[in-house]
Amino acid sequence: MINQDSKILLEVKNLKAEVDGVEILKGVDLTVRAGEVHAIMGINGSGKSTFSKVLAGHPDYAVTGGSAIFEGKDLFALAPEERARAGVFLAFQYPVEIPGVSNSALLRLAYNTLQTERGLEELDPLEFDDLIQEKIKVVEMDPSFLGRSVNEGFSGGEKKRNEILQMAVLEPRLAILDETDSGLDIDALRIVAKGVNTLLTPDNAVVMVTHYQRLLNYIVPDYVHVMDGGRIVRTGGKDLALELEARGYDWLRVAA
Amino acid sequence: MTMTSKPETKEQCFEQLLLGKTVKSEVWLEQIRLEALAHAKALNFPSSRNDDWRFTDLSALFTHGFQAVDSYARLTLQDIEKFIIPGAIRLVFVDGSYAAELSDLTHAGTGVTVAPLTDRFEDGKVEENFGRHAPYKLDAFVALNTNFFEDGAWVHVARETAAPIHLLNVATKRDNPFAIYPRCMVVMEAASRATLIEDYAGLDDGVYFSNTVTEVVLQDRAQLQHVRVQREDKNAFHVGHSSVVAGKDSKYASFSIALGARISRHTLHVKQQGEGAEIHLDGLALIGGRQIADTHTLVDHAVPRGKSVQLHKCIADGSSHAIFSGKIMVHVGATGTDSAQSSRNLLLSGKAHIDTQPQLEIFNDDVSCKHGATIGQIDMDALFFLKSRGLSEERARNLLTHAFAAEIIDKIPVPSLVESLGRTILERMNGDRAGGVSK
């Protein structure tokens, strides 16, 4: 929902970043206000996934220029865990499997870390169980997944639902969804989208990175940005996504 | 007779050990002891040229003069509270001597005898089995134990027992470094079943040398789940030897955990003596600081249709050194052997060091044997993922390390022990980062 009076959550200016000495981001600008849903689209290699990882603080990427201010804080001065505690959340394109760490233990550990950060009481396992039983409804997850090792043996769809479950538990101010729709069948896509929609409030914001328009049928963006060659080359409303769906990316690449 | 000055050479250290006191015996045992002493003198400490010891730097051991224990600390149940396993048949030894007041035999049902060895020297079963399996003629440490052990555990199981048997060996702190010789003899009669926990724990940060020997006999169709926990004090030394003989269609499962001691070594020999015996070996060494932990295993498939499955894990932090050598021997005639061995290792620091040597020796056709080894570091993707969920670097690393260890720990068939070991591991990892190995 666009409200020009709402507060700016994230302001990225002229962001440049490289991996292994190769410049991937060549000056990205983006402003995200509370209550907004942004979609970042583009072909493979356009830099959209790099952008999401740089915001979350992935160690493989080096920021070489520009700035990102999140709620008044210099994002790049914060370690990944500090960004998470400040309210930035990245839903991974390829969620990692962690054998030996149970899903519920991880969720409780993460939740309690944030509670401490926010000056609130930690929850004991019983209290947390009450909370988590509510949260798993958001992603229609079977409770048996809570006792299993994080993502181990999960299907692609279950892994993505698990990411959204983490988002539901951590209640971030800014959620970045990196190709959350990839590898999902239509039912899983609907569940994931419904989960994200349930979590949207006027105080938080979502940035979706996606290759396809499909997801945007379920999570309707306020802004659609097209990335190409490490820059945002076009910004529009949700209609831009439909146009991309119909015409492909080539016409914009030529324009760029 | 005591020697107060520190030894300067490994010969002096050995001489000091030979000054240990003579202990209670029977005629039959006295002969074995004398023989063992003669072998100990002839063998001496292993040299670094000894292939079985070439990775293991024992020099820190040789800097101490270990004295015999001549008086005993009186401990209360409170002192050993954190090691107690509820519902277990418990035999407690303090500095190598039996502590009746700390032991609890109320859970021992019919068909199970758990008693201090010194009470059973006249038992024909003891005489029949004792010293027949541990190689006191070949191994100086086994020989030292056989000569100097003061007491030990006698476990005889004739049927199925639900209550786990907990052999708790605790070491205290004394003014001078001291040597103790825990001993254990287990006989599982035909078709019997039991769970046994051999537990070596330090209480007060003492400097001591714990030299242990365990012999296990499984008669036909017997089943034993054998847990071994080495959580000695951080300045202690631990050298242990276990010899296991598995009869026809028996099942032996070992869970061996090494967490403590400045230097530790565990040698486990399992001999498949009867057809169709099944052997499962799970091992974990988790060390940091300047610790050295060495595990040597040998599975001898001597007859047909044997099965062995082994998973050994080492986790090394700080400037520690973990060693694993695991040999599977398939002898002539041992047809239909099915064996799988895996060594998986985690290096947590650039200064830590892991040597792993999985070995297969097959003198026979018609067998299925596989083995493999991996050494890795903390998975960076998993680390970043956990940090992106708000966990600190340290928390995330500990969680991943714990998870790597949990694959072994969680298999231990004693829930309260799984829980207490999990806690110990987390405490140790935190202690390690704070500058030392905490208890």
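Digging into the overall build of chain A
Step number 1: A tally of helices and strands in chain A yields 8 helices and 12 strands.
Step number 2: Here chain A has a C-alpha radius of gyration of 18 Å; the compact-globule value for 256 residues is 18 Å, and the two agree.
Step number 3: For chain A, with 256 residues in total, the buried portion stands at 46%.
Step number 4: Across chain A, contacts joining residues at least 24 apart in sequence account for 72% of those joining residues at least 6 apart.

Details of the overall build of chain B
Step number 1: Scanning chain B from terminus to terminus reveals 8 helices and 20 strands.
Step number 2: Against the compact-globule benchmark of 22 Å for 439 residues, chain B has a radius of gyration of 21 Å, which places it among compact chains.
Step number 3: Structurally, chain B occupies a C-alpha span of about 65 × 60 × 45 Å along its principal axes.
Step number 4: Classification of the 439 residues of chain B by burial places 53% in the buried group.

What to know about the domain arrangement of chain B
How big an interface is tends to be expressed through the accessible area that disappears when the partners come together.
Residue and element names in this part refer to chain B.
Step number 1: We note that the domain assignment places domain 1 (10-274) and domain 2 (380-439) within chain B.
Step number 2: For domain 1 versus domain 2, the separation of C-alpha centres amounts to 29 Å.
Step number 3: Domain 1 puts 13 residues into the contact, and the matching count from domain 2 is 11 residues.
Step number 4: Elements with a minimum of two residues in the side of domain 1 that touches domain 2: β8 (193-202), β10 (223-231) and β12 (251-258).
Step number 5: The biggest single contributor to the side of domain 1 that touches domain 2 is β10, with 3 residues.
Step number 6: Broken down by class, the residue content of the side of domain 1 that touches domain 2 amounts to 8 nonpolar, 2 polar and 3 charged.

Considering the sheet that holds β8 of chain B
All names here are of chain B.
Step number 1: Here 10 strands make up an open sheet; going across it, the order is β2-β1-β5-β8-β10-β12-β14-β16-β18-β20 and the pairing mixed. The sheet is open, and its two edges are formed by β2 (97-98) and β20 (368-376), each paired on a single side.
Step number 2: One ladder, built from 8 bridges, connects β12 with strand β14 (residues 278-287); its direction is parallel. Its bridge partner being in β14, Lys251 is matched across the sheet by Glu278.

Let's talk about unusual backbone geometry
Step number 1: Unusually for a residue other than glycine, Asn151 of chain A sits at a positive phi of about 60 degrees.
Step number 2: Mapped onto the elements, Asn151 of chain A comes out in the loop between β8 (149-150) and α5 (156-170).
Step number 3: Of note, Arg221 of chain B is a non-glycine position whose phi angle comes to about 65 degrees, a positive value.

With respect to the nonpolar core
Step number 1: Phe89, Leu174 and Ile176 of chain A are the most contacted members of the largest nonpolar core, which has 204 residues in total.
Step number 2: If one sorts the elements of this core by residue count, helix α7 (residues 393-409) of chain B sits on top with 9 residues.
Step number 3: Those residues within four positions of Leu174 of chain A in sequence are excluded, and the remaining contacts are Leu9, Leu10, Val32, Phe70, Gly87, Val88, Phe89, Asn204, Ala205 and Val207 of chain A.

Considerations on the pairing of strand β17 (residues 321-330) of chain B
Residue and element names in this part refer to chain B.
Step number 1: Along β17, 8 of the 10 residues are buried, which leaves the element largely enclosed by surrounding structure.
Step number 2: As judged from the 10 bridges shared by strand β15 (residues 292-301) and β17, these two strands associate in the parallel manner. Note on β17: the bridge partner recorded for Asp300 is Met329.
Step number 3: In this sheet, strand β19 (residues 353-362) lies alongside β17 in parallel orientation, the contact comprising 10 bridges. Of the residues in β19, the one forming a bridge with Val330 is Ile362.

Side note on the environment of His107 of chain B
Residues and elements named next belong to chain B.
Step number 1: Looking at where His107 falls in the secondary structure, it is placed in the loop between β2 and β3 (112-116).
Step number 2: Considered as a pair, His107 and Thr161 are 54 residues apart in the sequence and their alpha carbons are 9.5 Å apart.
Step number 3: Filtering out sequence-adjacent residues up to four positions away, His107 remains in contact with Gly87, Ala88, Ile89 and Ala163.

Thoughts on the sheet that holds strand β11 (residues 223-228) of chain A
Residues and elements named next belong to chain A.
Step number 1: Read from one edge to the other, the open sheet built from 6 strands follows the order β6-β9-β10-β3-β11-β12, with strand pairing classed as mixed. Of all the strands in the sheet, the pair left with one neighbour each is β6 (88-91) and β12 (231-236). When the angles between neighbouring strand axes are averaged without regard to direction, this sheet yields 20 degrees.
Step number 2: Note that strand β3 (residues 37-41) and strand β10 (residues 205-210) share 5 bridges and pair parallel. Within β10, the position partnered with Met41 by the bridge is Thr210.
Step number 3: Each of β3, β6, β9 (174-178), β10 and β11 is contacted by helix α1 (residues 48-56), which is oriented at about 145 degrees to β9, the strand it contacts most.

Quick look at the interface of chain A and chain B
Step number 1: Taken together, the contact between chain A and chain B spans 20 residues of the former and 15 residues of the latter.
Step number 2: Here the residues of the side of chain A that touches chain B are counted per class, giving 14 nonpolar, 4 polar and 2 charged.

Comments concerning helix α7 (residues 238-247) of chain A
Residue and element names in this part refer to chain A.
Step number 1: Of the positions making up α7, those classed as buried are Leu240, Ala241 and Leu244. The buried side chains of α7 occupy one side of the element, clustering within an arc of 105 degrees when seen end-on. Away from the buried face of α7 by more than 90 degrees, exposed residues Asp239 and Ala246 are located.
Step number 2: Those residues of α7 that are buried lie in contact with β3, β11 and β12.
Step number 3: Once α7 finishes, Gly248 follows within two positions and takes phi at roughly 80 degrees, a positive value.

Looking at the packing of helix α6 (residues 380-387) of chain B against α7 of chain B
Residue and element names in this part refer to chain B.
Step number 1: Put simply, α6 and α7 touch, their axes get as near as 9 Å, and they point 130 degrees apart. Relative to α7, the element α6 lies oblique. Considering the relative orientation of α6 and α7, their crossing is right-handed. Contacts between α6 and α7 pair Ala382, Leu383, Leu386 and Lys387 from the former with Glu393, Ala396, Arg397, Leu399 and Leu400 from the latter.
Step number 2: For the contact of α6 with α7, a count of residues per class yields 6 nonpolar, no polar and 3 charged.

Conventions we followed
Residues numbered from 1 in each chain as written. Chains lettered and ligands numbered in written order. Predicted model: local features only at pLDDT ≥ 70, side-chain atom pairs only at ≥ 80, totals over all residues. Helix = DSSP H or I, 4+ residues; strand = E, 2+ residues; numbered from the N terminus. Rg over C-alpha atoms; globule rule 2.2 N^0.38 Å. Buried ≥ 20, exposed ≤ 12 C-beta atoms within 10 Å, placed from the backbone. Contact = placed C-beta atoms within 7 Å. Domains from an automatic or database assignment. Nonpolar A, V, L, I, M, F, W, Y, C, P; charged D, E, K, R; others polar. Pairing = 2+ DSSP bridges. Core = buried A, V, L, I, M, F, W, Y, C linked by C-beta atoms within 7 Å. Axes fitted to C-alpha atoms, helices over the stretch in contact; angles between N-to-C directions. Arc of directions from axis to C-beta. Parallel < 35°, antiparallel > 145°, perpendicular 65-115°, else oblique. Left-handed = near helix turned anticlockwise from the far one by under 90°.

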